[in-house]
Amino acid sequence: QTAQPFVTTIENDVYGDNQAVNPELRKYHVNALTNYTFDHGPLQGFGVGGAVRWASNVLIGTGWTHSDTLGDVPDYTRLYFGPAEVEYDAWVSYRRADVFKHANCTVQLNVRNIGVDKKLIPVVAQPDGSIAQWRIAEPMTWSLSVRLDF
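Calculation criteria
- Residues numbered from 1 in each chain as written.
- Predicted model: local features only at pLDDT ≥ 70, side-chain atom pairs only at ≥ 80, totals over all residues.
- Heavy atoms only, no water.
- Helix = DSSP H or I, 4+ residues; strand = E, 2+ residues; numbered from the N terminus.
- Buried < 20%, exposed > 50% of the residue type's maximum accessible area, 1.4 Å probe, protein only.
- Contact = heavy atoms within 4.5 Å.
- Areas by Shrake-Rupley, 256 points an atom, 1.4 Å probe, with all protein chains shown as cover.
- Salt bridge = Lys/Arg side-chain N within 4 Å of Asp/Glu carboxyl O.
- Pairing = 2+ DSSP bridges.
- Axes fitted to C-alpha atoms, helices over the stretch in contact; angles between N-to-C directions.
- Phe/Tyr/Trp six-rings, centres within 6.5 Å; stacked < 30°, edge-to-face > 60°.
- pLDDT = per-residue confidence, 0-100.

Q: Report on the overall build of the protein chain, specifying residues and quantitative values.
A: Across its full length, the protein chain holds 1 helix and 9 strands. Going from the N terminus to the C terminus, the protein chain shows its helices and strands as α-β-β-β-β-β-β-β-β-β. Across the 150 residues in the protein chain, those meeting the buried criterion constitute 27%. Sequence-distant contacts, at least 24 apart, represent 53% of the contacts inside the protein chain between residues at least 6 apart. In the form shown here, the protein chain has an accessible surface area of approximately 10,600 Å², with 58% of it arising from carbon and sulfur atoms.

Q: Break down the pattern of salt bridges for me, with residues and values.
A: What the rule picks out here adds up to 7 salt bridges. For the salt bridge of R53 with D89, the shortest nitrogen-to-oxygen distance reads 2.8 Å. Taken together, the residues span a long stretch of sequence, with R53 in strand 2 (residues 46-55) and D89 in strand 5 (residues 85-100) at a distance of 36 residues. When sorted by exposure, R53 lands in the same class as D89, which is buried. In this structure, E138 engages R112 in a salt bridge whose closest nitrogen and oxygen atoms are separated by 3.4 Å. Taken together, the positions of E138 in the loop between strand 8 (131-136) and strand 9 (141-149) and R112 in strand 6 (residues 103-112) put the pair 26 residues apart, joining distant regions of the chain. Assessed through its relative accessible area of 41%, E138 is described here as partly exposed. By relative accessible area, which is 35% here, R112 ends up partly exposed. Linked through salt bridges whose partners overlap, the residues forming this network are R26, E85 and R135.

Q: Describe the environment of M140, listing the residues and the values that go with them.
A: When you line up the elements, M140 lands in the loop between strand 8 and strand 9. Distance from M140 to I114, taken between C-alpha atoms, is 5.4 Å for residues 26 residues apart in sequence.

Q: Tell me about the sheet that holds strand 9, and name the residues and values.
A: Overall, antiparallel pairing links the 5 strands, which are arranged 1-2-5-6-9 in an open sheet. On the outer flanks of this sheet lie strand 1 (29-37) and strand 9, each paired with one strand and no other. Strand-to-strand twist across the sheet, computed as the mean angle between neighbouring axes with direction ignored, equals 15°. Taken together, the 9 bridges between strand 6 and strand 9 define a ladder with antiparallel strand orientation. Bridge assignment links V111 to a residue of strand 9, and that residue is W142.

Q: Please set out the packing of aromatic side chains residue by residue, giving values where relevant.
A: Two aromatic rings are characterised by how far apart their centres lie and by the angle between their planes. In the structure shown here, the tally under the stated rule is 2 aromatic pairs. Plain terms: the ring middles of Y36 and F38 are 5.0 Å apart, the flat faces sit at 85° to each other, and that makes the pair edge-to-face. When its relative accessible area of 47% is taken as the criterion, Y36 is described as partly exposed. Aromatic pair F46 and Y94: ring centres 4.7 Å apart, planes at 50°, arrangement tilted. Within this pair, whereas F46 is found in strand 2, its partner Y94 is found in strand 5, the two being separated by 48 residues in sequence. A relative accessible area of 35% places F46 in the partly exposed class. What makes Y94 partly exposed here is its relative accessible area of 29%.

Q: Explain the confidence of the model for the protein chain to me, and be specific about the residues and the numbers.
A: The predicted structure's coordinates, where accompanied by low pLDDT, should not be read in detail. Taken over all residues, the pLDDT of the protein chain has a mean of 86, while the share at 70 or more is 85%. Per-element mean pLDDT across the protein chain ranges from 49 in helix 1 (residues 4-12) up to 96 in strand 2.

Okay, structure coming up:
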C-alpha cells in the first residue's frame, strides 16, 4: 500500500498562488463583522457591533495498516478530522467629541468568544481515531478601552 492516492489528492488541491494545500491546515476561513453608530437622536454617539469567525474542519490524524514489506504504514483511507470552529464577538461603544481641548473620547466594551467557557479542541488523533492531544479554547474575555483622538 502506498500513499500515492492521498498525495495525488493533495497535489491536485492548490491555493490561489499554486502552492500545494497542507491538509493539516484549515482550508476555509470566513470572518464577518458589522458596526453601527447612531448619528442622531437620543442614542447619538453610541455604537454597537458584532463579528463571527468560522474555520472549516482540519485533518488531525490517519489510521495505520500493516504491510508485509513496509511494516506499519499510514492508512490514508482512514482520515480523522477535528471539528469546524465558530466564534462570536460583540461590542458597544460611546464617542463624544471635543471632550477636552478638541480631543475626542471613545469608550468601548468588547466581548470576545461569546459563550465559550471550558472547552477542549482535538488537535491530534491516534491511529485508532481516539484523541491523543487537545488544546484549550480561548475562553470568553471582556475588555474595556478608552481612546483619546487629538
